[in-house]
Amino acid sequence: MEDYRDRISKVAFFSALTEDEIQVIARIARVNRYRKYHVILEEGEKRDTLFIVLKGRAKVSLFDDTGKEYIVDVIEEGGFFGELSLFDELTGFVNIVTLEDTQLLLIRRQDFIMLLRDSPEFALNIIKTLTMRLKATNEKLRGLAFMSVEERILQYLREVGEKRGILVKDRIIIERGPTQVEIASYCGCSRETVSRMI
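Analysis parameters
- Residues numbered from 1 in each chain as written.
- Predicted model: local features only at pLDDT ≥ 70, side-chain atom pairs only at ≥ 80, totals over all residues.
- Heavy atoms only, no water.
- Pairing = 2+ DSSP bridges.
- Helix = DSSP H or I, 4+ residues; strand = E, 2+ residues; numbered from the N terminus.
- Axes fitted to C-alpha atoms, helices over the stretch in contact; angles between N-to-C directions.
- Parallel < 35°, antiparallel > 145°, perpendicular 65-115°, else oblique.
- Contact = heavy atoms within 4.5 Å.
- Nonpolar A, V, L, I, M, F, W, Y, C, P; charged D, E, K, R; others polar.
- Buried < 20%, exposed > 50% of the residue type's maximum accessible area, 1.4 Å probe, protein only.
- Arc of directions from axis to C-beta.

1. Side note on the sheet that holds strand 2 (residues 39-41)
Here comes step 1: One open sheet accounts for four strands, arranged 2-9-5-6; its pairing is antiparallel. Whereas interior strands pair on both sides, the edge strands pair on one side only; in this sheet they are strand 2 and strand 6 (69-75). Each strand of the sheet is rotated relative to its neighbour by a mean of 30°, with strand direction disregarded.
Here comes step 2: For strand 5 (residues 58-63) and strand 6, the ladder comprises six bridges, and the chain directions are antiparallel. Among the inter-strand pairings, K59 is bridged to a residue of strand 6, identified as V74.

Here is the structure:
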């Protein structure tokens, strides 16, 4: 099996670990490959796995009672999801679908819990990471509550530009950027509103 230690060490969730701890994570992890538009997790499913994106992208979304989709996040290479299921068996409240062919590193709860028990430093790092994720979620909720639709669209495009954009002179170019439908879903507005803004 390919050695994923270097890639694991670059994931924020594990960035403060020692080389020995990274090696343990690499030993307990396994890799799965998924085709574009594969449903990784569905709302209501029991979850017990942390997923790390090694290659590709996956969207995290919710559907309202009318069937309208809201994109909560897009997880790219080096990103992760499912971290809460490592601590308790949870029923998921979001859907996760690949947006392109995607390679994921999976870590099961039972293996992860053994590592937490063996390393208090590792446990503290995980708490810090979860705190940062909670803060980011709170910021997004604040944005949805207090920003206008135009401000939310601009903020989202700034975030995408920071993650995937290329600086050319005084402009940021986003190759393979989100579609108008994806932007609308993420910002909680209609595609027509996005079209007027862009």
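2. Focus on the sheet that holds strand 4 (residues 49-55)
Here comes step 1: If you walk across this open sheet you meet the four strands as 1-10-4-7, and the pairing is antiparallel. Strands with a single pairing partner mark the edges of an open sheet, and in this sheet they are strand 1 (30-34) and strand 7 (80-81).
Here comes step 2: Relative to strand 10 (residues 102-108), strand 4 runs antiparallel, the two sharing six bridges. Paired with V53 across the two strands is L104, which belongs to strand 10.

3. Regarding the packing of helix 3 (residues 109-118) against helix 4 (residues 120-146)
Here comes step 1: Between helix 3 and helix 4, whose axes approach to 5 Å, the crossing angle comes to 115°. Taken as axis vectors, helix 3 and helix 4 run roughly perpendicular relative to one another. Contacts from F112, L115, L116 and D118 in helix 3 reach P120, F122, A123 and I126 in helix 4.
Here comes step 2: Of the residues that constitute the contact of helix 3 with helix 4, the class distribution is seven nonpolar, no polar and one charged.

4. What about helix 3?
Here comes step 1: Burial in helix 3 covers these residues: R109, F112, L115 and L116. Down the axis of helix 3, the buried set is contained in an arc of 120°. They therefore lie on one face. Exposed and oriented more than 90 degrees from the buried face of helix 3 are Q110, R117 and D118.
Here comes step 2: Residues of helix 3 that are buried in the fold lie against helix 2 (19-28), strand 3 (46-47), strand 10 and helix 4.

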